[in-house]
Amino acid sequence: TKLIAAGEIVEADNLHTKLKLSGRRYWRIKVRALADAKNWTELNTMATHLTSPVGYELVVDAFLKHGQIELAKPFVAKVKGYEQQAEYYEKMGLHAEARAARAQRQERSGAGKLLQNFLRFP
């Protein structure tokens, strides 16, 4: 955490490999450390160019915790649950996007129910 906060990202990445930390654990540590250090450029680059092993909720939460709404916006769509997406949009004051996410959830659940009923009756 201290290496990341000091801007020694490459050194922290090397230490992660040397200590054999799991990718999931290191991702969590790195996101929190970059957010606490207010290194928005590096956090945004990491979240944009690397696939998160733990989902994007942690990234969105880190940006929102520090008031970086514009940086959080693109990652909300990568959050898996539509209801969770809607909650994030509500926190950001984006009510139209929240309604759209909830509508998508309802569309998906409606199509899934239709498919289940179709498969149930031959």
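Above this note sits the structure.
Just so you know, these numbers come straight off a predicted model, no measurement behind them.

Quick word on the nonpolar core
Within soluble globular proteins, side chains that are nonpolar generally end up buried alongside one another.
So, point 1. Counting 32 residues, the largest nonpolar core has Val31, Leu43, Val59, Val60 and Met92 as the members making the most contacts within it.
So, point 2. Mapped onto this core, the elements with two or more residues apiece are helix H2 (9-19), helix H3 (23-36), helix H4 (40-49), helix H5 (57-65), helix H6 (69-76), helix H7 (82-91) and helix H8 (95-120).
So, point 3. Among residues more than four places away in sequence, those in contact with Val59 are Trp27, Val31, Ala47 and Phe75.

So, the packing of H5 against H6
Two quantities define a packed helix pair, namely the angle between the helix axes and the distance between the axes.
So, point 1. At a closest axis distance of 8 Å, the pairing of H5 and H6 adopts a crossing angle of 165°. Classified by the angle between their axes, H5 and H6 sit roughly antiparallel to one another. At the point where H5 passes H6, the crossing takes the left-handed sense. Of the residues in H6, those touching H5 at Val59, Val60, Phe63 and Leu64 are Ile69, Leu71, Ala72, Phe75 and Val76.
So, point 2. A class-by-class count of the residues in the contact of H5 with H6 yields nine nonpolar, no polar and no charged.

Side note on the environment of Ala33
So, point 1. Inspection of the secondary structure puts Ala33 in helix H3.
So, point 2. Look at Ala33 and you get buried, because its relative accessible area is 2%.
So, point 3. Distance from Ala33 to Ala62, taken between C-alpha atoms, is 9.7 Å for residues 29 residues apart in sequence.

As for the side chain of Lys30
So, point 1. For Lys30, the position within the fold is in helix H3.
So, point 2. Other than its neighbours up to four places away in sequence, Lys30 contacts Ile4, Ile9, Asp13 and Met46.

Here is what the cut-offs are and how they apply
- Residues numbered from 1 in each chain as written.
- Predicted model: local features only at pLDDT ≥ 70, side-chain atom pairs only at ≥ 80, totals over all residues.
- Heavy atoms only, no water.
- Core = buried A, V, L, I, M, F, W, Y, C linked by side-chain atoms within 4.5 Å.
- Buried < 20%, exposed > 50% of the residue type's maximum accessible area, 1.4 Å probe, protein only.
- Helix = DSSP H or I, 4+ residues; strand = E, 2+ residues; numbered from the N terminus.
- Contact = heavy atoms within 4.5 Å.
- Axes fitted to C-alpha atoms, helices over the stretch in contact; angles between N-to-C directions.
- Parallel < 35°, antiparallel > 145°, perpendicular 65-115°, else oblique.
- Left-handed = near helix turned anticlockwise from the far one by under 90°.
- Nonpolar A, V, L, I, M, F, W, Y, C, P; charged D, E, K, R; others polar.

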